[in-house]
Amino acid sequence: MDFNHRNKIFPPDLGLGGRNNSAVDLGLVSVLCLDERVSGVSLRKISEYCDRLLKVDEIEDWSGAVNGLQVENRIGVSHVVAAVDGSLATVRKAVSLGADLMIVHHGLFWSSKQPWVGRNYELMELLVQSGLALYSSHLPLDVHPRFGNNVLLAKALGLKTLEPFFFDRGRNLGVKAKTRWSVKALVERMTTTLGHPPVVLSGGGDQCRAVGIVTGGAGAELKIAAAEGVDTFITGEGPHWTHALAEELGINVIYGGHYATETFGVRALSEHLAKRFSLKCSFVDHPTGL
Ligand SMILES: [Zn+2]
């Protein structure tokens with residue numbers, strides 16, 4: 001989930017220094033690898049399987065989001081990698097691992113105007129020359145009942161009996177659950193689960209009776225969460241003004257990090273694909289700190 005992607009124009013500032021010869025070098029390597037890797041599983045077979053599994057045709061996303069196969073290859077798939085963000089940095093890491101399919105949550109395309117120049121060109125060149133296909137799943141992966149970021153974060157925190165939550169775009173995007181935990185206990189679980197302490201906006205009481213989750217960047221939509229009766233709302237990030245709004249609404253808001261709350265889906269999906277299609281599987285960890 002990313003409410004900030006509505007106006008995003010690819011690519012963001014990748015901050016990766018100047019051009020080097022890696023794409024050219026990797027291109028030569030990929031030529032050598034082509035003959036060795038043509039026996040991989042059909043990319044189309046995997047891509048179509050993912051489309052069906054994630055119900056890509058049914059789930060409305062932000063305008064401009066492209067769910068499904070974004071970059072193809074001609075060598076099949078034997079090694080799938082997962083990453084939260086599709087970027088030059090994560091693609092470089094995936095190529096260095098010898099991957100031929102990358103599953104990402106934040107894909108490459110969010111705008112209709114995307115000239116292939118500068119870093120954009122470098123990224124496309126690297127993908128094509130190395131034979132790395134890229135499949136992106138944004139909202140379909142957030143909301144999936146088995147591989148979704150929301151369900152998996154809830155389960156990792158130990159929440160039971162999950163219910164639909166956060167109605168937007170024609171469907172419930174998140175999950176909620178009743179608890180008898182203190183806010184302190186929930187924050188400790190978040191810290192353990194995500195590997196770092198979350199940011200807590202203490203607008204509500206000390207106890208969590210109803211906890212709602214929408215992974216990613218849903219902080220700007222606190223009113224939807226409050227209107228659905230939760231006293232504690234977990235999401236990845238939000239604007240500064242949400243501190244005052246959380247107090248006004250009388251709810252606790254816990255920001256666990258946009259990146260950290262959205263590693264679950266791509267990892268679970270890629271592990272599932274690896275098992276189903278007998279592929280090698282890796283995770284490219286490239287935390288944003290946000
Ligand atoms: Zn997101």
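Residues numbered from 1 in each chain as written. Predicted model: local features only at pLDDT ≥ 70, side-chain atom pairs only at ≥ 80, totals over all residues.

1. Considerations on the overall build of the chain
Along the chain, the regular secondary structure elements total ten helices and eleven strands. In the chain, buried positions account for 46% of the 290 residues. A sequence separation of at least 24 residues applies to 71% of the contacts in the chain between residues at least 6 apart. (Helix = DSSP H or I, 4+ residues; strand = E, 2+ residues; numbered from the N terminus. Buried ≥ 20, exposed ≤ 12 C-beta atoms within 10 Å, placed from the backbone. Contact = placed C-beta atoms within 7 Å.)

2. A closer look at the nonpolar core
Core analysis: the biggest nonpolar cluster contains 73 residues, and Leu 101 and Met 102 have the highest contact counts within it. Taken domain by domain, the makeup of this core includes at least three residues from each of domain 1 (3-141 + 263-282) and domain 2 (143-258). If we ignore the near neighbours within four places in the chain, the residues touching Met 102 are Val 81, Ala 83, Gly 86, Val 91, Ala 94, Leu 132 and Leu 134. (Core = buried A, V, L, I, M, F, W, Y, C linked by C-beta atoms within 7 Å. Domains from an automatic or database assignment.)

3. Description of the confidence of the model for the chain
With 87% of its residues at a pLDDT of 70 or more, the chain shows a mean pLDDT of 89. In the model, residues 5-37 has pLDDT below 50 throughout and makes 41 contacts with residues more than four positions away in sequence or in other chains. (pLDDT = per-residue confidence, 0-100.)

4. Concerning the environment of Leu 53
Of note, Leu 53 is situated in helix H2 (residues 43-53). Note: C-alpha distance between Leu 53 and His 144 (91 residues apart in sequence) is 8.8 Å.

5. Observations regarding the packing of helix H3 (residues 88-96) against helix H4 (residues 118-130)
The interhelical angle for the contact between H3 and H4, taken along N-to-C directions, is 20°, at an axis separation of 10 Å. Here H3 is positioned roughly parallel relative to H4, judged by the angle of their axes. Our pair here, H3 against H4, has a crossing hand that is left-handed. Listed contacts from H4 to Leu 88, Val 91, Arg 92 and Val 95 of H3 are Arg 119, Glu 122, Leu 123, Leu 126, Leu 127 and Ser 130. (Axes fitted to C-alpha atoms, helices over the stretch in contact; angles between N-to-C directions. Parallel < 35°, antiparallel > 145°, perpendicular 65-115°, else oblique. Left-handed = near helix turned anticlockwise from the far one by under 90°.)

6. Quick word on unusual backbone geometry
The phi dihedral of Arg 169 falls on the positive side, at around 55°, and the residue is not glycine. Within the element layout of this structure, Arg 169 appears in the loop between strand E5 (163-168) and strand E6 (171-182). Here Arg 169 falls in the partly exposed class, since 13 other C-beta atoms lie within 10 Å of it. Backbone geometry at Ser 278 places phi at a positive 55°, although glycine is not the residue there. Following the sequence through the fold, Ser 278 ends up in the loop between helix H10 (264-277) and strand E11 (280-283).

7. A look at the pairing of strand E4 (residues 133-136)
Residues Ala 133 and Tyr 135 point to one face of E4 and Leu 134 and Ser 136 to the other, with burial holding for every one of them. Alignment of strand E1 (residues 68-71) against E4, held across three bridges, turns out to be antiparallel. Within E4, the residue paired with Leu 69 across the bridge is Tyr 135. Bridge count for strand E3 (residues 101-106) against E4 is four bridges, and the pairing is parallel. Each bridged residue has a counterpart across the sheet, and for Ile 103 the counterpart in E4 is Tyr 135. Following the backbone out of E3, through H4 and into the adjacent parallel E4, one traces a crossover that is right-handed. (Pairing = 2+ DSSP bridges. Right-handed = clockwise from strand over helix to strand, strands pointing away.)

8. Focus: the environment of Asp 285
Relative to the assigned elements, Asp 285 resides in the segment after E11. For Asp 285 and Asp 85, which are 200 residues apart along the polypeptide, the C-alpha to C-alpha distance reads 9.5 Å.

9. A few points about H3
Those residues of H3 that sit buried are Leu 88, Thr 90, Val 91, Arg 92, Ala 94 and Val 95. Backbone geometry just downstream of H3 places Gly 98 in the positive-phi region, at approximately 85°.

10. A short note on the sheet that holds E11
By definition, the strands of a sheet pair up through backbone hydrogen bonds, in either a parallel or an antiparallel sense. Strand order in the open sheet made by the five strands is E1-E4-E3-E2-E11, with mixed pairing throughout. Edge positions in the sheet fall to E1 and E11, since each of these pairs with one other strand and no more. Taken pair by pair, the neighbouring strands of this sheet meet at an average axis angle of 25°, ignoring direction. Relative to E11, strand E2 (residues 79-85) runs parallel, the two being bridged by four bridges. Bridging across to E11, Ala 82 finds its partner in Phe 283. Sheet contacts for H3: E2 and E3; angle to E2, the most-contacted strand, approximately 160°.

11. Brief notes about H2
When H2 is considered as a whole, its buried residues turn out to be Leu 43, Ile 46 and Cys 50. Across the axial projection of H2, the buried residues extend over an arc of 70°, all falling on one side. In H2, the exposed positions that point more than 90 degrees away from the buried face belong to Arg 44, Lys 45 and Arg 52. Count one or two residues on from H2 and you reach Lys 55, which has phi positive near 55°. (Arc of directions from axis to C-beta.)

12. Details of the sheet that holds E5
Reading across the sheet, the six strands line up as E5-E6-E8-E9-E10-E7 and stay open at both edges, with mixed pairing between neighbours. Each of the sheet's edge strands pairs with one partner strand only, and the pair in question is E5 and strand E7 (199-202). Sheet twist, expressed as the mean angle between neighbouring strand axes with direction ignored, is 25°. In this sheet, strand E10 (residues 252-255) lies alongside E7 in antiparallel orientation, the contact comprising four bridges. Bridged to Ser 202 within E10 is Asn 252. In the packing of helix H6 (residues 149-157) onto the sheet, the strands contacted are E6 and strand E8 (207-214), and the crossing angle to E6 comes to about 10°.

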